[in-house]
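What follows is the residue order along each chain.
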Amino acid sequence: MRGNTRLTMPVSLLWAVDVYGRVYSLSTGEQQWEQCHDAVLEFKRVTAVQQCCWGIACDHHIYLNVHSSDVPIRYQEETYENQRWNPVDNFSDHLLPSDRWKWSDITGLEHQPLDSFLLPSTNWEWEGDWYIDENFGGEPTEKGGWTYAMDFPATYMKDKKWNSCVRRRRWIRYRRYKATDTWAKIPSEGHSGPLPDPFNDISCGGWEISEEPRGKLSLWAVSLQGKVWFREGIHHHSPEGDVWEEVSLPGEVVQISCGPGDLVWAVLWEGQLIVREGITRDCPQGSSWVVVDSPNPEAGAIHVAVGDNVVWAVTKDNKVWFRRGINSHNPCGSGWIGMVGEMVMINVGLNDQVWGISCVDRAVYFRQGVTSSELSGKAWKAVNVPRDGDIRSHSSASISSLHSAGCFFSGEVQAQSVMSEDSDTEGGPQRSCPSFPSPEPSPIDPDVSKPRIPKVTSDSFISEMLSDREVKQEGTTAATTASPSIPEEEVALGEPEAKCPPPALVLSPSLSGGLGDPQWSNVDLEETQTHLAVGPAVVRGDSADTCSLSSVATYTLCQGEPYGADEHPLWAWVSGGGCGVNCHSQLNWFNSATALASSVQSMSLSISPAQTAAWRKQIFEQLSERSKREMDHFKHYEQAVEQSVWVKKGTMQWWRDWKPHKWVDVRFALEQFSGPEGNQDGILFLYYNFNEEKKYLHAFINEVTILVPVLNDSKHTFAVYTAERTKQRWPIRLAAATEVEMHDWLALLSVSCCDSRGIQGPPSKQAIWSVTCKGDIFVCEPSPSLEACPYPTPCDQMFWRQVGGHLRLVECNSLGVVWGVGYDHTAWVYTGGYGGGFFQGLASSTDNIYTQTDVKCVYIYENQRWNPVTGYTNRGLPTDRYMWSDATGLQECTKANTKPPSPHWIWVADWAIDYGISGGTDREGWQYAADFPMSYHGHKTLKDFVRRRRWARKCKLTTTGPWQEVPPIPLCDVTIIPCGAQSSVETIPLWAISNKGDVLCRLGVTLLTPAGTSWLHVGTDQPFKSISIGGANQVWAIARDGSAFNRGSVSSESPAGDCWYHIPCPAKQKLQQVSVGRTSVYTVDQNGNLWFRQGLTPSYPQGSSWEHICNNVRKVSVGPLDQVWIIADKVQGSHSLSCGTVCHRLGVQPMEPKGQSWDYGIGGGWDYITVRGNSIEAPRVRMPSLTPSLTASLTDPLRPPPPRSLLPVMITEMENGNDVRC
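Residues numbered from 1 in each chain as written. Predicted model: local features only at pLDDT ≥ 70, side-chain atom pairs only at ≥ 80, totals over all residues. Heavy atoms only, no water.

Going by an unreviewed UniProt entry, the protein carries the name Tectonin beta-propeller repeat-containing protein 1 and comes from Hucho hucho. Comment text from UniProt for the protein, heading Sequence similarities (unreviewed entry), reads "Belongs to the TECPR1 family." (UniProt positions renumbered as here; feature names shortened; annotations may be inferred.)

What follows is the structure in structure tokens.
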């Protein structure tokens, strides 16, 4: 379908089926319907989600179209080979009768020989042959991959011991799903064999079912006999699912709808509706049905559509109804509300957005104004875009001449078939004139009646729409033009809106008997007759009133386009389940130019780009001359003001420096002044009362190093740091009365600080980027002496300024390419702007600023203790933690009192049990341990007296910044090659890891296209979590089990390399993160230890061993000069320990790559830093080797050297009430 545009596949698609059974998709970034040309059969209806689309063809079979992606769908098959030792044969496959199978699953209960694994369908293919997994718990095993134990089952080890009597090894083979971007047939197989009857309706959803693992889908289908079936086993690694399972019903169903969550509604033949209850993570098909009455007892329901929190319905009189009171606790709602408009069907897509097909003109309509606070929306608006392949005239002919000409191309007129309005039998053979050459199209006979639209599918619903179409009297004009919108008021639909003839050519009766008639066929279906009013409310003819659903005509599509050049398509079905739009989306679907606009534009004056460029140049020259002329007239005047002063005052609250610490009211003033040479500076004053005496604090603007918004639930606070206060880890904390006032002060102070330092515009290519725990982004312009030795610029004197946006991590290089990843794993690329967020006016660039969203989860823990009487209860010991707490157990966090991280965040979901916590959970989400706090596991033992489970709730942030989204693959890590500023690199190597653990290499990344073009998947045997690329294209990565890998033979000719080399981890440690510089490799393990890889040489890039550097490290970044920066925890401040502090490794030289000591910078509250863009080399001074203490003292000779080493390893959670936690 989109094979030619695979690399730029749109993330969001609207799917639709026209009355001729042809499937179209409309991208949110395009303005035309794209036909699915690979569909061999005509389709009746489709149901879409973001990653795929399901459909029912005219053969009543279900087909699946999976969108192609740069990350293939791979499934890992595994089996275990088991052996037992005996004194004769040593280890062999001669097992005891009580042992497990020779080839089995991991439990040993299921027999799984290699030849028993078969492909699920012809849509899969094997990637290679079986091979042995030689990795065990992050460590490489001996050759052969065997692990040893005393007996089956037991704890296995990679080393063989004297009492090792059994062994096993794992065999792996991958299969890949190959049927992407094409319609693959899904077998109609149930548990007991083929299904008894074909399908008639289908609905897909369920990807947001509470506590459901990501990637799972629920597919519901209705058969012709009114039965409901549920497709089991649909998830990311198995898009086809497994088998169909029948769901019991209270009656016969005609249509069903499944929402993204746990809402499932269906329509009965009698016109009533039923609601599925009991849908959970463990039971996605639900448990029971509840009957809901139709909105109109006299006209039963014929269609229903559900979303997250909405239910819409259509009755037999085509009226639209909205169900109020829908939520997760009340899926049945409370009542119906009648809405304006008449539709033949309706669909609810993502974000509860509503799509429909009007019964008046068969156009697709979008419900405007649907928000979380107004789910019913405001008005209908038609989607008015052309189809691909539409032949549109650009001549200056009038609209009437275009209509009268019909479809004119190459001297041939292609005619649609004409159906007489007084025909008694709809299924009778109809004849039409074939295509024939003619110099002029035949005029339309005014006595010819309106043509009946041919019936095109075997679907009873589409047949009804076509058979009940309006029949007008002879002599009246035929078609009505599509209205751009349906207003929110009753209109007289019986009046014709246009008096022009139909766009498609209708031949006179004298021409209706030519040779080569198109073939018509009748398909008889035994279905109930239901009269649906889908046309305007006018008196219908006898043929319309007595239409039958048992006779349906099929139109032969080989005659060419069924529509005229300027006629909009007639739609039969629409699905918005994969269309990610909302009320704020900027769509160009509603203002598409019509034929009249095209004619007017063709008659207008054509302006070439060359003329436009010449005019712009001329205007610019005139303005430049005028400016020069006016400035020359005033050169002889003296400057009126040599120095100016501005003062801004306000009232705030200040967190007092001394004990008892508390908020006190203060007056705050900013005094700015500018000198005769234009230099600007200022002073901050803070006036307060102490012991009835007026005092003040002050700080020079040019001494302020950073302004940080501080995370606080109840106050709008920010912190002001200077170099001295950075050393003390104790900033000036201020709280404004309102959020707007805080943002105004932050913007003003930030601009003043930048002006005093002469910093303007976007960050440089050499900038150092960092991210706080809150997600705020800061940049620092490095000085040439920052990496100087032995006199580097102290870290506490670095000036940081904020950039708009919200990210979890950011990576850069010295060529100016910057990528970031949000908390929701969305990838973002830097656009070159500055400002955004609360920066407005001169503090922000006018272009390259875009809307950015981020979603994160807030976690709380439910804790329980066991007692012999009642079992596990929420009554703990007096020394226990809170029964509802945070991860540490020191702070009480209940569902009621837990708020989003800040007022900028809003809840977007309800509390749900989190089953994805490390260590595993049982079916109810509990983790067990002997006591609080201990190591938790997902199964209960006799020694477990406490348990906990984690609850999660999603919240969303919307802001602006110089970032653009890079769809469609979510990422968890990204890395860009560090290089010199003068490097001439055509394609910049960029690697990433998806949120599922796939390793990806980005292609097409250049200075002009920093976002790149496509992803290249790099195969791995297990999911990864961290990756870094360094000098000479050295790629290192960390797997989720903590093992390290090096990618071999990566080059510009082979950007993905050829194979992975397993690197042994430090003894008894599992690695967490890696960073590679020009010649150095550093890693951080899960216990916060920093390791340096020794023995790296060009001939042996894997190195030889690990050397421990320090502990209490959160993140590490190694730059293009091999400089080392970290985010450290437990750094001593003047009042307490500080977590999340930026630190710089001193003394790093080519002969001493490990450095000597640490210099501490801004903190705490920082979470990420990257120095991979700073390639400014400072002049080196030859001096004798210095001791670490002397090197630390040289950073600030005016004060005695403080302790410059991190604290010993203390893996404990410490609460710091005075530390600024961002």
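Enquirer: Hey, could you run me through the nonpolar core in this one?
Expert: In terms of nonpolar packing, the biggest core is built from 51 residues, with W769, W819, W963, L971 and W991 touching the most fellow members. Counting residues in each nonpolar core, the second largest holds 35 residues, with Y24, A39, Y63 and W571 among its members. (Core = buried A, V, L, I, M, F, W, Y, C linked by side-chain atoms within 4.5 Å. Buried < 20%, exposed > 50% of the residue type's maximum accessible area, 1.4 Å probe, protein only.)

Enquirer: Whenever I open this one, the sheet that holds strand β61 (residues 963-965) confuses me. Can you help?
Expert: Working definition: the strands of a sheet are paired by backbone hydrogen bonds and lie parallel or antiparallel to each other. The strand order β51-β52-β53-β61 describes an open sheet built from four strands, whose pairing is antiparallel. Only two strands of the sheet have a single neighbouring strand rather than two, namely β51 (809-812) and β61. Taken over all neighbouring pairs, the strand axes of this sheet differ in orientation by 30° on average, direction set aside. Here three bridges tie strand β52 (residues 818-821) to strand β53 (residues 827-830), and the two strands are oriented antiparallel to one another. Residue pairing for β53: G820 is matched across the bridge by W828. (Pairing = 2+ DSSP bridges. Helix = DSSP H or I, 4+ residues; strand = E, 2+ residues; numbered from the N terminus. Axes fitted to C-alpha atoms, helices over the stretch in contact; angles between N-to-C directions.)

Enquirer: When you look at the pairing of strand β7 (residues 74-86) in this model, what are you seeing that I'm missing?
Expert: Regular strands place side chains that alternate from one sheet face to the opposite one. Of the pairings in the sheet, the one linking β7 to strand β15 (residues 166-177) comprises 11 bridges and is antiparallel in character. Each bridged residue has a counterpart across the sheet, and for E78 the counterpart in β15 is I172. The sheet contact formed by β7 and strand β9 (residues 103-104) spans two bridges and is antiparallel. Across the sheet, residue Y80 finds its bridge partner in β9, namely S104. Inspection of the sheet shows β7 paired to strand β8 (residues 90-92) by three bridges, in the antiparallel sense. What sits directly across from N86, in β8, is N90. Where β7 hands over to β8, the hairpin turn is made up of three residues, counted between the paired strands.

Enquirer: Looking at this structure, how should I read the packing of aromatic side chains?
Expert: Given two aromatic rings, one states the distance between the centres and the angle between the planes to describe the pair. A full pass over the atoms with the stated rule returns 42 aromatic pairs. Centre to centre, the rings of F366 and F590 are 5.8 Å apart; their planes meet at 20°, and the pair counts as stacked. In this pair, F366 sits in strand β32 (residues 364-368) while F590 sits in the loop between β40 (571-575) and α4 (595-603), placing the two residues 224 residues apart along the sequence. Like F366, the residue F590 is buried in the burial classification. The rings of W15, F43, Y63 and W183 are connected pair by pair, giving a single aromatic cluster. Stacked on the ring of Y174, the Lys or Arg R74 has its end atom at 4.0 Å from the ring centre. (Phe/Tyr/Trp six-rings, centres within 6.5 Å; stacked < 30°, edge-to-face > 60°. Lys NZ or Arg CZ within 6 Å of the ring centre and 35° of its normal.)

Enquirer: Can you walk me through the sheet that holds strand β44 (residues 693-700) in this structure?
Expert: Spatially, β44-β43-β42-β41-β47-β46-β45 is the arrangement adopted by the seven strands of the open sheet, whose pairing is antiparallel. A strand with exactly one partner marks an edge of an open sheet, and here the two such strands are β44 and β45 (704-710). The mean angle between the axes of side-by-side strands here comes to 35°, regardless of whether they run parallel or antiparallel. Summarising the sheet, strand β46 (residues 716-722) and strand β47 (residues 732-736) pair through five bridges and their orientation is antiparallel. In the sheet register, H716 faces β47, and the bridge partner there is A736.

Enquirer: Just checking my understanding: could you explain helix α7 (residues 739-757) for this structure?
Expert: At 3.6 residues per turn, the α-helix brings residues three or four places apart onto the same side. Along its 19 residues, α7 runs 27 Å from first to last C-alpha, staying within 8% of the 27 Å computed at 1.5 Å per residue. Listed in full, the buried residues belonging to α7 are M742, H743, W745, L746, A747, L749, S750, S752, C753 and C754. Looking one or two residues beyond α7, the residue adopting positive phi is G758, at roughly 70°. (Expected span 1.5 Å × (residues − 1).)

Enquirer: Is there a simple way to explain the environment of A154 in this structure?
Expert: Structurally, A154 can be placed in the loop between β14 (147-149) and β15. The exposure class assigned to A154 is partly exposed, which follows from its relative accessible area of 34%. Sequence spacing of A154 and V166 is 12 residues, and the spatial spacing of their C-alpha atoms is 9.5 Å.

Enquirer: Would you take a moment to explain the UniProt feature "domain: Peroxin/Ferlin" (unreviewed entry) in the protein for this structure?
Expert: The UniProt record marks residues 72-133, 145-178, 853-914 and 925-958 with the feature "domain: Peroxin/Ferlin" (unreviewed entry), using the residue numbering of this structure. Along residues 145-178 one finds 0% helix and 44% strand; the C-alpha atoms at either end are 30 Å apart. Regarding residues 925-958, the helix share stands at 0% and the strand share at 47%, and the terminal C-alpha atoms are separated by 31 Å.

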